[in-house]
Amino acid sequence: MHARPGLKGVDHRTYAVQRRPVAGQHALLRESEAKVLRGEACAVAMLALAREGFVPDLVVCNPAWGEALYVKDVFPAARLVCLMEFFYGTPDADVGFDPEFPVGGVESRLRQRMKNMALTEALLTMDQGVAPTAWQASRLPNPFQPKVEVVFDGIDTQALRPDPQARFELPALGLAFAAGAPLITFVNRNLEPYRGYHRFLRALPTVLKQVPDAQVVLVGGDGVSYGAPAPQGQTWKQIYWGEVAAQLDASRVHFVGQLPYADYQKLLQVSAAHVYLTYPFVLSWSCLEAMSLGCHVIGSRTAPVQEYIEDGINGHLVDFFDTEALAEAMIRALAQRGQDAALRQAARQTAVSRCDLRTVCLPQWRSVLSRTMGSPV
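A.B. asks: What is the right way to read the packing of helix α6 (residues 197–210) against helix α11 (residues 323–335) from this model?
C.D. replies: Angle between the axes and distance between the axes are the two parameters that describe a pair of packed helices. As a packed pair, α6 and α11 sit with axes 8 Å apart at the nearest point and diverge in direction by 50°. By the angle between their directions, the pair α6 and α11 is classed as oblique. The crossing of α6 and α11 is right-handed. Here R199, F200, R202, A203, L204, T206, V207 and Q210 of α6 come into contact with α11, specifically with T323, L326, A327, M330, I331 and L334.

What follows is the structure, encoded as structure tokens:
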């Protein structure tokens with residue numbers, strides 16, 4: 001939908017949704033209509049390609065927002081491969097996980113079912129599915145799981161590697177951090193409960209009291225990527241920072257917004273303790289990128305994280321809701337600076353051996369596509 005620089009040598013097209021969902025639409029149909037509108041816009045763009053004489057052998061699509069709805073209607077002979085990122089409303093997943101955000105009974109279940117509309121249609125029409133992690137694949141309805149293979153998206157572990165000479169600077173504050181600094185890092189696309197922002201902040205007063213020279217850098221925007229928006233026109237960042245600000249030295253906690261990628265990489269390269277928390281939900285790239293960069297990762301003991309982090313082997317795991325345990329893990333990691341090389345190397349080795357873009361994930365994708373097409377891709 002958005003015009004962005006395309007890949008060199010690739011014909012890059014966009015599509016445009018013609019209108020918003022109708023105001024006053026039935027509440028359970030609003031999101032479904034938004035997905036139909038996207039699917040329709042993609043169908044129009046595909047028909048334009050067909051009129052130019054382009055008929056694809058293969059279509060690869062993330063169907064979650066409706067783009068795959070009409071692929072087989074426009075190009076019935078094309079093989080369709082769908083990235084099945086997350087199926088909503090399954091037991092022991094995100095909805096109802098956090099008691100601070102209780103679910104609304106049967107109304108919540110109705111909404112979850114409607115969120116799956118486009119995904120269910122994709123399961124019916126796709127020739128092959130791909131899920132990034134085994135846990136995400138396990139969320140799909142049992143009859144469709146044989147149609148889905150687990151292939152992670154891929155991390156460029158050659159670019160994302162430890163650098164003992166790295167420096168991260170905050171010029172406006174007169175601060176610079178190098179490897180070995182007592183620096184705690186936390187990264188979300190947006191600072192929100194789904195990624196444990198509230199749990200992280202609540203652990204900081206203890207950490208900053210126990211480690212007087214510790215500094216904290218939080219990366220992330222003020223919006224919402226997942227879950228409900230904050231109430232009354234506020235942001236989750238404001239709400240939870242307001243809860244703890246008076247309990248700690250605020251001059252040692254730095255909110256830097258969304259960083260350029262190169263700066264984000266430098267920040268993680270100098271991190272002494274990197275915290276990654278999440279509901280049972282889609283696993284963030286940032287978790288695997290931190291491991292590839294050799295971070296000392298402290299993760300939540302939730303299913304998607306446990307798929308990659310073994311406690312005490314290549315990182316540490318804490319209960320998502322155990323503020324004291326999280327604080328203790330950060331304090332311990334700061335105390336172990338310079339003595340945790342084996343754990344950091346194990347974290348990087350996990351990322352390299354299981355998630356490297358060129359040597360692992362691209363060959364796996366090529367294999368999936370070749371089998372789907374019945375010929376080498």
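A.B. asks: Looking at this structure, how should I read the sheet that holds strand β2 (residues 79–83)?
C.D. replies: By way of backbone hydrogen bonds, the strands of a sheet pair with one another, either parallel or antiparallel. Ordered by their spatial adjacency, 4 strands build an open sheet running β1-β2-β3-β4, and the pairing between neighbours is parallel. Across the chains shown, the open sheet's two edge strands, defined by having one partner strand only, are β1 (58–61) and β4 (148–150). Each adjacent strand pair in this sheet contributes to an overall mean axis angle of 20°, direction not counted. Taken together, the 3 bridges between β2 and strand β3 (residues 128–131) define a ladder with parallel strand orientation. Residue pairing in the sheet places V81 in a bridge with Q128 of β3.

A.B. asks: How do you make sense of the environment of A335 when you look at a structure like this?
C.D. replies: With respect to the element layout, A335 can be found in helix α11. By relative accessible area, A335 is classed as exposed at 57%. Measuring from C-alpha to C-alpha, the distance between A335 and E149 comes to 41 Å, with 186 residues separating the pair along the chain.

A.B. asks: Would you take a moment to explain the sheet that holds strand β11 (residues 297–300) for this structure?
C.D. replies: Strand order across the open sheet formed by 6 strands is β9-β8-β7-β10-β11-β12, with parallel pairing between neighbours. With partners counted over all chains shown, the strands left at the sheet margins are β9 (253–255) and β12 (316–318), one partner each. Pairwise comparison of adjacent strand axes, ignoring direction, gives a mean angle of 20° for this sheet. Of the strand pairs in this sheet, strand β7 (residues 183–190) and strand β8 (residues 215–221) are connected by 6 bridges, and their pairing is parallel. Looking at the pairing, L183 lines up with Q215 of β8. The strands touched by helix α8 (residues 261–269) are β7, β8 and β10 (273–276); relative to β7, the strand with the most contacts, the crossing angle is about 145°.

A.B. asks: Even after reading the chapter, I still don't get the nonpolar core, so can you show me in this structure?
C.D. replies: A general tendency of soluble globular proteins is for nonpolar side chains to be buried together. Core analysis: the largest hydrophobic core is formed by 41 residues, its most contacted members being I184, F200, L201, V275, I298 and M330. Mapped by element, the contributors of at least two residues to this core are β7, α6, β8, α7 (236–244), β10 and α11. In terms of residues, this core owes the most to one element, α6, which gives 7 residues. Not counting residues within four places of it along the chain, the set of residues in contact with F200 comprises I184, F186, V216, L218, V275, L277, L326 and M330. Membership of the second largest hydrophobic core comes to 34 residues, among which are L170, A181, L317 and C361.

A.B. asks: Any chance you could explain the environment of M126 here in plain terms?
C.D. replies: For M126, the position within the fold is in the loop between α4 (117–125) and β3. Between the C-alpha atoms of M126 and I309, which are 183 residues apart in sequence, the distance is 32 Å. Discounting chain neighbours no more than four positions away, the residues touching M126 are L80, C82, M84, K147 and V148.

Parameters and conventions
Residues numbered from 1 in each chain as written. Predicted model: local features only at pLDDT ≥ 70, side-chain atom pairs only at ≥ 80, totals over all residues. Heavy atoms only, no water. Axes fitted to C-alpha atoms, helices over the stretch in contact; angles between N-to-C directions. Helix = DSSP H or I, 4+ residues; strand = E, 2+ residues; numbered from the N terminus. Parallel < 35°, antiparallel > 145°, perpendicular 65-115°, else oblique. Left-handed = near helix turned anticlockwise from the far one by under 90°. Contact = heavy atoms within 4.5 Å. Pairing = 2+ DSSP bridges. Buried < 20%, exposed > 50% of the residue type's maximum accessible area, 1.4 Å probe, protein only. Core = buried A, V, L, I, M, F, W, Y, C linked by side-chain atoms within 4.5 Å.

Purely geometric numbers; function is a separate question.
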